[in-house]
Amino acid sequence: MRLASPGWGGRLPLSGPALPEGYPSSKMPRVPEHAVVSRLSDRSGLAVKRQSAEYLSDSVIVIKMRSAGVCGTDLAILAGTRPGQAEVLGHEGVGIVLYAPEDCGVSKGARVIVNPVHRKHPRTVIGHSRDGVFRELFCLDAADAVEGSHLVLCPMGCSLEDTELVLAEPLASVLYSLELLREKCGAASLLIRGSGTVGILAAKLWPILTGSFAILVSKSEAHARWLRESTRWPANVRICCGTTPASAIGECSAGSGFNAAILCCSRESAPEGLCWLLDVVQDGATIDLMAGFPAAYREARLGSADLDGVRWNNICGISGSPPTAVVDRSSGKSLYLIGHRGTGERHILQAIELLSRRVISMADIPHRLFTLEQLPGAVNQMLSTKTRHHTNWVKAIVDFSQTDGGESNGGC
């Protein structure tokens, strides 16, 4: 797949999908000078740069970005705990098509959601292995966009704001996870280790979908307390911290124990989080590994199980494998591991439907809106050991229509 070079994109009028002045009458799209947020030369942070105008092949789709979300994966790549070759990060995005070749599935004026993982070549990921959406304009090869199912059309009549719609891709990933868990565990009580966007969405959706308890385990009592107060929660969700005794965690499940669990903490915390879950879940439980592990990492308690490989067993909703059976050598429990990579179009459309009905909304996630120019500073704050524990938001969102930025929710 050929994304346009790290310069594609452009500064466009921030209202309406009209092509910018200066586009030639031919089919060759001209991408004007525009702002791009790219990685520093030492790969440790981000900086705003200007990309020169250029003409691109008429096989390229040109998208004017309207909103983009910062994911934990973006932070992990910048922190060096996860590999990533992209100079421009960002894989959660919403935009308006400014130019598209014929017969590519999208047309000028369409609002689209970026689906980052290539469904046929899942190692190709927008914002990871290829340049991403932290830019005013995003371009990608039309044939590859079709083959990889990289763009999902927003349904006609959808009234969601662009900053709300940016939640569709992470919500779709959660829906995929819960789908796999329900296939194996039914309506069991769910234990979630990790309190970022994914963990919060999973905790709020599970009771709605199953009627069962969900327990969200945060990193500290202070953070757990803040989460309890910063957003609304269903009656059968509890927020605990990682130091809570296992016996107390078990009481939160209404005495039924935990047969389903999700690990969705940071990559550096994943080994500790997995061992914690192994201690708490019941014999026969299924653990969904949404958190990544280094490729060479092996957990001694699980023998030779390829933890990172488990996430490749289900790809974009179109291919799947049975759960991986393991035995915890410490406790003797027989357990199952599942995971997935990417999402399908059906998951994203389901996410849009839930957002449109306000079953889940952006108000459920403590968040803050930033301009593209403010993004590097926001990311630095989220990465810094001095400031990251004092941020009063979980989700950072780039609103390309903003000029001053800084709006927030969740009591921030």
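Sequence order as written defines residue numbering, which begins from 1 separately in each chain. With the structure being a predicted model, the display of local features is reserved for residues of pLDDT at least 70 and the display and counting of side-chain atom pairs for 80 or more, all residues being used for whole-chain, interface and lining totals. Side-chain numbers here rest on the full set of heavy atoms in the structure, without hydrogens or water.

**So, the overall build of the protein chain**
At step 1: When you go through the protein chain residue by residue, the secondary structure sums to 11 helices and 18 strands.
At step 2: Relative accessibility under 20% of the residue-type maximum defines a buried residue, over 50% an exposed one, and the middle range a partly exposed one, all with a 1.4 Å probe and only protein chains included. Every one of the 412 residues in the protein chain was classed for burial, and the buried ones make up 59%.
At step 3: Relative to all contacts within the protein chain whose residues are 6 or more apart in sequence, the contacts with residues 24 or more apart total 74%.
At step 4: Just so you have it, the protein chain exposes about 16,000 Å², and 50% of that area is on carbon and sulfur atoms. Where helices and strands are cited, they refer to DSSP runs of H or I of at least four residues and of E of at least two residues respectively, numbered from the N terminus. Residues are treated as being in contact if the distance between any of their heavy atoms lies within 4.5 Å. We get accessible surface area from the Shrake-Rupley algorithm with a probe of 1.4 Å; when it comes to residues, only the shown protein chains can shield them.

**So, the nonpolar core**
Soluble, globular proteins show a tendency: their nonpolar side chains are buried together.
At step 1: One finds Leu178, Leu181 and Ile262 to be the most contacted residues of the largest nonpolar core, which totals 53 residues.
At step 2: Broken down by element, this core gets its largest block of residues, 10 residues, from helix H4 (residues 168-185).
At step 3: Aside from chain neighbours lying at most four places away, what touches Leu181 is Gly186, Leu190, Trp206, Ala260, Ala261, Ile262, Thr286, Asp288 and Ile338.
At step 4: With 39 residues, the next largest nonpolar core counts Ile61, Val112, Leu140 and Phe370 among its residues. Among buried residues, the Ala, Val, Leu, Ile, Met, Phe, Trp, Tyr and Cys ones that are joined through side-chain atoms within 4.5 Å form a nonpolar core.

**A short note on the pattern of salt bridges**
At step 1: Put simply, a salt bridge is a Lys or Arg side-chain nitrogen that is within 4 Å of an Asp or Glu carboxyl oxygen. Tallied over the full model, the rule gives 14 salt bridges.
At step 2: Residue Asp162 pairs with Arg111 through a salt bridge whose shortest N-O separation is 2.9 Å. Here Asp162 is found in helix H3 (residues 162-165), whereas its partner Arg111 is found in strand S7 (residues 111-114), with 51 residues between them in sequence.
At step 3: Taking the relative accessible area as the measure of exposure, Arg111 reaches 16% and is therefore buried.
At step 4: Put simply, Glu353 and Arg357 hold a salt bridge, and the shortest N to O gap is 2.4 Å.

**Some details on the sheet that holds strand S11 (residues 214-218)**
At step 1: DSSP-based pairing: two strands are paired if at least 2 bridges between them are found. Strand order in the open sheet formed by 7 strands is S12-S11-S10-S13-S14-S16-S15, and the pairing between neighbours is mixed. Since the sheet does not close on itself, it has two edges, and those belong to strand S12 (237-241) and strand S15 (324-327), each with one partner. Pairwise comparison of adjacent strand axes, ignoring direction, gives a mean angle of 25 degrees for this sheet.
At step 2: In terms of strand pairing, S11 meets S12 through 5 bridges, oriented parallel. Lines fitted to the C-alpha atoms define the axes, with helices restricted to the stretch that makes contact. Angles between their N-to-C directions range from 0 to 180 degrees.

**Some remarks on the state of the cysteines**
At step 1: Disulfide: a pair of cysteine sulfur atoms within 2.5 Å of each other. For the structure shown, the criterion picks out 0 disulfides.
At step 2: Free cysteine Cys241: the closest other cysteine sulfur is in Cys240, separated by 7.4 Å.

**A few points about the environment of Val31**
At step 1: In this fold, Val31 is placed in strand S1 (residues 30-31).
At step 2: Given a relative accessible area of 1%, Val31 falls into the buried group.
At step 3: Separated by 107 residues in the primary sequence, Val31 and Phe138 place their C-alpha atoms 9.8 Å from one another.

**Topic: the pairing of S12**
At step 1: By the criterion of burial, S12 is predominantly enclosed, with 4 of the 5 residues buried.
At step 2: In terms of handedness, the path from S11 via helix H6 (residues 221-230) over to S12 forms a crossover that is right-handed. Look down the strands so they point away from you; if going from the first strand over the helix to the second traces a clockwise path, that crossover is right-handed.

**Here's the deal with unusual backbone geometry**
At step 1: Residue Asp103 is not a glycine yet carries a positive backbone phi of 60 degrees.
At step 2: Assignment of secondary structure puts Asp103 in the loop between strand S6 (92-99) and S7.
At step 3: Phi at Ser149 takes a positive value of approximately 55 degrees, unusual for a residue other than glycine.
At step 4: Within the secondary structure, Ser149 sits in the loop between helix H2 (142-148) and strand S9 (151-153).
At step 5: Ser149 sits in the buried class, given a relative accessible area of 14%.

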